[in-house]
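Examination of the molecular architecture
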Amino acid sequence: MCASGAGGNDKAVTPDDSKAGDVAVGPGSSVTRGVWARVLKGAVEEAVRAYEAMGAGHRERVLEEALAVPAETRTRLVEVLRQARDFAGAARLLESDGDDAGAAPLYEQAGAPLLAAEAWLRVGEQARAAAAFERAGSLEQALSLYQALGARESLAHLLGRMHRPMEAAQVFRVLGNAHAELEMLRAVPADDPQRPEAVLRMCELLDAEGATWRALVLLADGIKHATGAGLLLLQAEQARLLQQLGLASAPEGAAAAEKAPPVVDGYGYLKAIPIFDGLSLEDMRDLYRLARPMLLPAGTTVLEKGAKGMGLVVLLEGMVSVSTGPGPDARQLNMLGPGAFLGEISLILDGPVSAHVRAHTVVRALRVTRTDFQYFLETHEAAALRIYRLFTQSLAERVRDLSS
């Protein structure tokens, strides 16, 4: 099975042909024999160094030769490959032995999500397979699996990434996630036949939040682009909201916009956080859609010192008090208001909270959980690289400040 060497004199060696001391040298040409001798002796560290020193072609030859050795020897080689960090090679050998459950995570470590997905699928791990297909960009395959699993939240986010906003909005509506539903409805293009339906639902959501003037502004813009039955529906909703506000007619254009209260939806605050600097518009909107609104009464503990971090919290309205602890003897460190953010380190590092944060007034905020953020990183490779780079720089600056 082995190819001959460049000089044509390499001879495959079997356990009966040659020995290193009392240990068979094993299969291999002259360029791979050193690895096999060490594998058979159980000298794992030496085998690792010998394998690492090889060129790519010779490492490939070792993998081909491994198919002809006993299972026990192949298991030893897998450990060598793991320690040499040839995760893809180790996964190939495990896969050849039918150990897909062992191969799948190694394929993921090797940065081969499609191979990982297929391995997960063979062992019946559909949820892991779906996530791996999504990371690999095989979105239709991921979609089918999420639908089969009834994984509605993952399904909704994936539909958003696939630019199918109305379908995504409908799933978010079932989930009761008004924030994400609104974000998806905003993404429906003005020339889409379903745009009037999207505008009506957005108005319903905004009106429920007490943002009726914002709904009227949205309707005024929608009416400009609507025709036929869609236009009639939007005009009827406009009349209803005007009556609700006690107005005879809608202020036009700039006048309507001026009467609408300022929009504090948190997107601008989230975008301004340093570790998100440089993210593309599409990546930022995807991240913003993952955020979850919070409404906290005064006196509520936002972050508890010593507890596990809950993720990123971005303040939209109200004030929070930051102190050294929860007790009466605790020292207040700071008061923070709209635009401030807390807990960004817990998005990446899983450690305890270093300060105690309490709502000084009623607080409205956005929260990005660690779980949701990890999903974002796994499905947005370019954004993840940028975030990790900026996070590392920010952490280094903090360490430098503390040292000085």
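About the criteria used
Every chain is numbered on its own, with residues counted from 1 as its sequence reads. Under the rules for a predicted model, residues below a pLDDT of 70 receive no local features and side-chain atom pairs below 80 are neither given nor counted, while totals for whole chains, interfaces and linings still include all residues. Excluded from the side-chain calculations are hydrogens and water; all other atoms, namely the structure's heavy atoms, are used. Note on definitions: angles span 0 to 180 degrees between N-to-C directions of axes, and those axes are lines fitted to C-alpha atoms, for helices only across the stretch in contact. Elements are defined by DSSP. Helices are runs of H or I of four residues or more, strands are runs of E of two residues or more, and each kind is numbered from the N terminus. Relative orientations are named as follows: roughly parallel for angles under 35 degrees, roughly antiparallel for angles over 145 degrees, roughly perpendicular for angles from 65 to 115 degrees, and oblique for any other angle. Crossings are sorted by hand: turned counterclockwise from the far helix by less than a right angle, the near helix makes the crossing left-handed, and turned clockwise it makes it right-handed. Whether two residues touch is decided by their heavy atoms; if any such pair falls within 4.5 Å, the residues are in contact. In this classification, Asp, Glu, Lys and Arg are treated as charged, Ala, Val, Leu, Ile, Met, Phe, Trp, Tyr, Cys and Pro as nonpolar, and every other residue, Gly included, as polar. Here a strand pair is declared whenever DSSP counts at least two bridges between the two strands. We call a residue buried when its accessible area falls under 20% of the maximum for its residue type, exposed when it is over 50%, and partly exposed in between, using a 1.4 Å probe and counting protein chains only. Salt bridge criterion: a side-chain nitrogen from Lys or Arg within 4 Å of a carboxyl oxygen from Asp or Glu.

As recorded in an unreviewed UniProt entry, the protein goes by the name Cyclic nucleotide-binding domain-containing protein, listed as coming from Corallococcus macrosporus.

**Quick look at the packing of helix α4 (residues 71-83) against helix α5 (residues 87-96)**
Look at α4 against α5: their axes get within 8 Å of each other, and the N-to-C directions meet at 155°. The angle between α4 and α5 falls in the class roughly antiparallel. Once α4 is placed against α5, the crossing between them reads as left-handed. Mapping the contact onto sequence places Arg-74, Leu-77, Val-78, Leu-81 and Arg-82 in α4 and Phe-87, Gly-89, Ala-90, Leu-93, Leu-94 and Ser-96 in α5. Tallied by class, the residues present in the contact of α4 with α5 amount to seven nonpolar, two polar and two charged.

**Brief notes about the sheet that holds strand β6 (residues 320-323)**
What the four strands build is an open sheet, ordered β4-β9-β6-β7; its pairing is antiparallel. For this open sheet the edge positions go to β4 (301-303) and β7 (332-336), each flanked by a neighbour on one side alone. Neighbour to neighbour, the strand axes of the sheet diverge by 30° on average, direction disregarded.

**Here's the deal with unusual backbone geometry**
Positive phi, close to 65°, is recorded for Arg-85, a residue that is not glycine. Mapping Arg-85 onto the fold places it in the loop between α4 and α5. A positive phi is found at His-163, a non-glycine position, where the angle reads about 60°. Among the structural elements, His-163 can be located in the loop between α10 (152-161) and α11 (165-175). Judged by relative accessible area, His-163 falls into the exposed class, the value being 58%.

**What about the sheet that holds strand β3 (residues 292-296)?**
The four strands are arranged β3-β10-β5-β8 in an open sheet whose pairing can be described as antiparallel. Each edge of the open sheet carries a strand with a single partner, namely β3 and β8 (341-342). Pairing of β3 with strand β10 (residues 363-368) involves five bridges; the strand directions are antiparallel. What sits directly across from Met-294, in β10, is Ala-365.

**Regarding helix α12 (residues 178-186)**
For α12, the tally of buried residues reaches seven of nine residues, placing the bulk of the element in the interior. Considered for burial, the residues of α12 that qualify are His-179, Ala-180, Glu-181, Leu-182, Glu-183, Met-184 and Leu-185.

**So, the pattern of salt bridges**
With the rule as written, the count across this model stands at 22 salt bridges. A salt bridge links Asp-100 to Arg-122, with the shortest nitrogen-to-oxygen separation between them at 3.0 Å. With Asp-100 in helix α6 (residues 100-109) and Arg-122 in helix α7 (residues 113-122), the pair connects residues that are 22 residues apart, well separated along the chain. Residue Asp-100 is classed as buried on the basis of its relative accessible area of 10%. In this structure, Arg-289 and Asp-286 form a salt bridge, with 3.1 Å as the shortest nitrogen-oxygen distance. Separated by three residues within a single helix, Arg-289 and Asp-286 lie in helix α18 (residues 281-290), roughly one turn from each other. Taken individually, Arg-289 and Asp-286 each receive the classification buried, so the pair is uniform in this respect.

**Details of the packing of α12 against helix α13 (residues 195-208)**
Direction vectors running N to C along α12 and α13 enclose 145°, while the axes themselves pass 9 Å from each other. Between α12 and α13 the crossing geometry is left-handed. From α12, Ala-178, Glu-181, Leu-182, Leu-185 and Arg-186 reach across to α13, where they touch Arg-195, Ala-198, Arg-201, Met-202, Leu-205 and Leu-206.

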